[in-house]
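Observations on the three-dimensional arrangement
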Amino acid sequence: MKYLCGIVLFVALLALSVRPSEEACGYEACPKTKTNMINIHMVPHSHDDVGWLKTVDQYFYGHKSNIQHAGVQYIIDTVISELIKDPARRFIQVETSFFAKWWSEQSETAKQVVKKLVNEGRLEFTGGAWSMNDEAAVNYQSVIDQFTLGLKFLDDTFGSCARPRIGWQIDPFGHSREQASIFAQMGYDGEFFARMDHRDKNNRIDNLGMEMIWDASETLSNDEIFTGLLYRHYSAPPGYCFDVHCGDDPIIDTKSYDNNVKSRVDDFLSYVTEVAKHYRSNHIMIPMGDDFQYEDAQVNFKNMDKLIKYVNERQADGSTFNLFYSTPACYLNSLHEGLQTWPNKTEDFFPYGSDDNSYWTGYFTSRPTQKRFERDGNHILQVAKQLSVFAELTSKQQKEDLEYLREIMGVMQHHDAITGTEKQAVSNDYDRLLYDGILGGVNTARDGLRKLTNLPNGEFESCLQLNISECAFTKDGADNVVVTLYNPLAHTSTQYVRVPVKNENYQVTDEKGRVVASEVVPVAWQVLALEFRNNDTQHELVFKASVDKIASYYIKKVESQESRSVAVHTQPKKSSKGQESNLEVPKRFKKMHSLKNATENYADEDGETVVQTSLIKLVIDNKTGLLKTVEMNGVSENIDQSYGVYRTYDSGAYVFRQYHQADFIIQDEGVEFTVYDGALVKEIHQQFGDYVSQVIRIYEGKNIVEFEWQVGPIEREEEFGREVVIIFNSTIASNGVSYTDSNGREMIKRVKDEREDFTPGLDRQPTAANYYPVTSRIALQDNNKRIALLNDRAQGGASMNDGQLELMLHRRLVRDDGYGVGEALNEEKYGQPMIARGKVYLILSPADESTAVEREAEKEIHLPFWKFFSKNTGSTSAAAKSVPSFEDFPKSVHLLTLEPFNDDEVLLRVENFLDHTEGKVVSFNIRPIFDYLNGVEIRETTLDGNLPLSDMKRFKFHHDNSGHRPDNVEFYTSAHKPLAAEKAQEASEFSVTLHPMQIRTFIIKTE
Ligand SMILES: [Zn+2]
């Protein structure tokens, strides 16, 4: 089969090469349309999930057909063979991860054929990122990265003809404004998708609103992008699935009793007549494809050829339908040339309700540990990228490891990966891939640190289980250990560092030998009780570190009167109560209150317990055991914080669906708590019922309250699942309004029970319909006070009552919700229902204070110090290379990306992370970093790094309310003069100005 295929390609190449070359790609290659007709742009496509019911490789190779018949390699093979046969045929390739894998297995002959198809616009890349990313749970940094990766592959392989012009987000379950903004910043001309709340869609169908101009930023100017909704999902018209997997009738056009040309054309035209009624122009787009279709592409193309032939034959008899192969880009080009005006859109498309009982808001939280692991992957990716640049890591292994991690992170953004909507076996495979990728990342980072620090032989080991206070490097003793901290942020950051240790006495010194204040804190007993955890380390050493880019701290064991041997748990480690008394507490900690141990009661049962640092005061109600007041930033507020459980019947991986409103239970009393009152850190350890616990933590000098939660194993009844939320109640009169972030960037205002464009159906799911994705922050305020919650991974969140915020942390379900995954979300690990851990942070502030502090905290939570551990052997040498400082950057400038681009090129991406309400225009100079990198020249590109910004020219469309129709096609080009400079030029040529929320991307060519 493969051999035959090779012959076909070779013959075809000969055929292609003898034709006079008429290479034209992009809009020049678009099919001719007819002005007085309904132009039907038929778009052949295949939707190829980068993992869902099968793993990425199973899909690629067509393995495990018993689960789903799908083999992407055959799809691309046969599509190419079919495209060769007729220059009119078109196909769009979307997921670059699959395409790159296919490409790597092709012969030179086949590659030449494909290049020609690309250069003639017959094979067109659309979307083009490594995967078709989700839009709810992803962080913008990772979306930009995975577009950079996919578009770079296309550019390196094919050049400019392969550059996608259109975002093709046909399957994600709701659409974010930030994604639209990213498309605009990459110079895309438009985006299309298929899922929208059914009420919104019905309105738009009735009111010619299926296509619109999306104003994708409240802060950035010219950040508009044309956005279109497909009429009938992304599948072919009913009855016209010509795929080998479909049962629809082929077109029979010979002298046969079964000849069906007339009825097939009639029915097709009656369908497109209906579609055309709901779109504004005389062009319509008809997708021809579905999940994993075109595995035997000749079946599809042969029948589409006939359909085109017989539809267009009728033009001779006066038919006004013109059918042809096309692409989304060519369709949009026709709309652009049509000079029409369009309605506008400002907010986003969340949540997605496919009917009034089905709000796709469960996936905002599904698989919470996978969502967190993905953030770990991004964290080490950014660290490894920066260190690769500073240390000039160029070995084959180092480059491959970094590329592999980039690719895995691209896969993780897929709309069935980070969403948690894949089968369990596929989730396990993602974990395996990501773990491998992270190992490569930590090795790369280690290699970098060996050149950049004074420890040329340092181990620089990473501990990947610090979330359960476990680290192989310190478990036998943390004596003579060096902790090297890497700060991926531009600015010096001060953070508390925690290292798992035995219960001993340690001294921490900095690089100059100065003693740094430290203390040893007990690990919560609920962590020690985890059955799979090795319990050598039951304490954490805590110290405060201030780091510009890299700093080492030295830990040494010291003798003290307080030191004593470590008690090791010998009892069976069951998650039962009564474990707490086994925990050995260092004497310096005062156990201020414990409901369990009356002898240690310092406080009055009916009174309150106050825990405070110089900046924050927390008050616990002794009777309920709950937090009741928070005082910080000059304001005091009654904040009672607890956990709630939704008992649900038919929620699934996608959908959060309440069975009965009364089945939401909040624990509001009987919470056991213990206070550990250290000098640097104060901790309130609480146990809520059987499977939820938390540590409320405040650090001296830090203006943020940390809630470290542990949920699971969640109990489950035969008929009911449970979905656990953390909940904060305040007296803030928020009047139904809250704010959630869009992929970690701009905030969007949410009004309870309301939508921007339509009236939602709330009768059946009043809570689920008010859930929004929270990627980094949810907040509410009144005239006096504001509270913001920040999280460490994507979650679903809501404000169901004034002053109240909730975040869904973990879900254990009993049923599949019927949207394809075919399994109940019921994760297990170590032979028991999975336990999840994480952190939620609270900032209380006066309402008139800038929210810039929340932004800064977001960055610190997203990219904290990465900790590397080495033995202190005493042997040091001068660092082989210095590390630059970014302290000259204005405070609101984020070092969004610094990475090796090509062998002699580095990509630098900087962002002003404050929005129009928080920040101002800032200017700074990047000549120092250019010089540090031995720069020769620098050029500015679109957001993805692959298109010179000076070449960016994207469609501008006119709004309905602009009052006039344009006379000519219009375009957006860069609003500022793209930076371009060479080494010999003055430093002033390297000046960079950033408006609020602006991101600028530069490629620095180095010596
Ligand atoms: Zn999909």
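Remember, it's a predicted structure, so these values are computed and weren't measured experimentally. (Residues numbered from 1 in each chain as written. Predicted model: local features only at pLDDT ≥ 70, side-chain atom pairs only at ≥ 80, totals over all residues. Heavy atoms only, no water.)

Now for the domain arrangement of the protein. The domain architecture assigned to the protein consists of domain 1 (37-128 + 164-349), domain 2 (375-562 + 865-871), domain 3 (566-570 + 604-862) and domain 4 (893-1006). The C-alpha centroid of domain 3 is placed 41 Å from the C-alpha centroid of domain 1. Across the boundary between the two partners, domain 1 contributes 22 residues, which contact 18 residues of domain 3. Between domain 1 and domain 3, a total of about 1600 Å² is buried, with carbon and sulfur atoms accounting for 41% of that surface. Between the two partners, domain 1 and domain 3, sit 5 salt bridges. With a closest N to O distance of 2.8 Å, aspartate 348 and arginine 750 form a salt bridge. Connecting domain 1 to domain 3 are 14 residue pairs in polar contact (both at pLDDT 80 or more). Elements with a minimum of two residues in the side of domain 1 that touches domain 3: helix H7 (177-185) and helix H8 (198-206). Among the residues forming the side of domain 1 that touches domain 3, the class breakdown is 5 nonpolar, 7 polar and 10 charged. (Domains from an automatic or database assignment. Contact = heavy atoms within 4.5 Å. Buried area = accessible area lost by both parts, 1.4 Å probe. Salt bridge = Lys/Arg side-chain N within 4 Å of Asp/Glu carboxyl O. Polar contact = N/O pair within 3.5 Å; in protein donor to acceptor, adjacent residues only side chain to side chain. Helix = DSSP H or I, 4+ residues; strand = E, 2+ residues; numbered from the N terminus. Nonpolar A, V, L, I, M, F, W, Y, C, P; charged D, E, K, R; others polar.)

It is worth spelling out the coordination of the zinc ion at this point. Donor atoms from the polypeptide that coordinate the zinc ion comprise His47 (NE2), Asp49 (OD), Asp171 (OD) and His415 (NE2), at 2.0 to 2.1 Å from the metal. One way to put it: the 4 donor atoms around the zinc ion meet at angles of 90 to 164 degrees, and that makes the site irregular. All donors to the zinc ion come from one chain, and their sequence spacing reads H-x1-D-x121-D-x243-H. Of the two residues, histidine 47 is situated in the loop between strand S1 (38-44) and helix H2 (56-61) and histidine 415 in the loop between helix H13 (396-412) and helix H14 (424-452); the sequence distance between them amounts to 368 residues. In this pair, the class of histidine 47 matches that of histidine 415, namely buried. (Donors = N, O, S within 2.8 Å, 3.2 Å for Na, K, Ca; no water. Tetrahedral: all angles 85-135°; square planar, octahedral: opposite > 155°, others 65-115°. Buried < 20%, exposed > 50% of the residue type's maximum accessible area, 1.4 Å probe, protein only.)

Applying the stated criterion to the full structure yields 73 salt bridges. Linking aspartate 915 and arginine 855 is a salt bridge whose minimum nitrogen-to-oxygen distance equals 3.3 Å. Here aspartate 915 is found in the loop between strand S45 (905-912) and strand S46 (922-925), whereas its partner arginine 855 is found in helix H16 (residues 852-862), with 60 residues between them in sequence. According to the relative accessible area criterion, aspartate 915 is buried, its value standing at 8%. Taking relative accessible area as the criterion, arginine 855 reaches 1% and is therefore assigned buried.

What follows covers the side chain of histidine 175. Relative to the assigned elements, histidine 175 resides in the loop between strand S4 (166-169) and H7. Given the relative accessible area of 0%, histidine 175 is considered buried. From its side chain, histidine 175 meets the backbone oxygen of proline 172 in a polar contact 3.5 Å long. Apart from the residues within four sequence positions on either side, histidine 175 is in contact with Glu135, Gln169, Phe193, Arg195, Trp214, Asp348, Phe349 and Phe350.

Let's shift gears to the sheet that holds strand S25 (residues 635-638). Read across the sheet, 4 strands follow the order S22-S23-S24-S25 without closing on themselves; strand pairing throughout is antiparallel. Each end of this open sheet is capped by a strand with a single partner; those strands are strand S22 (608-612) and S25. Adjacent strand axes in the sheet meet at a mean angle of 15 degrees, parallel and antiparallel pairs treated alike. As paired elements, S22 and strand S23 (residues 617-621) share 5 bridges and run antiparallel to each other. Note on S23: the bridge partner recorded for glutamine 612 is lysine 617. (Pairing = 2+ DSSP bridges. Axes fitted to C-alpha atoms, helices over the stretch in contact; angles between N-to-C directions.)

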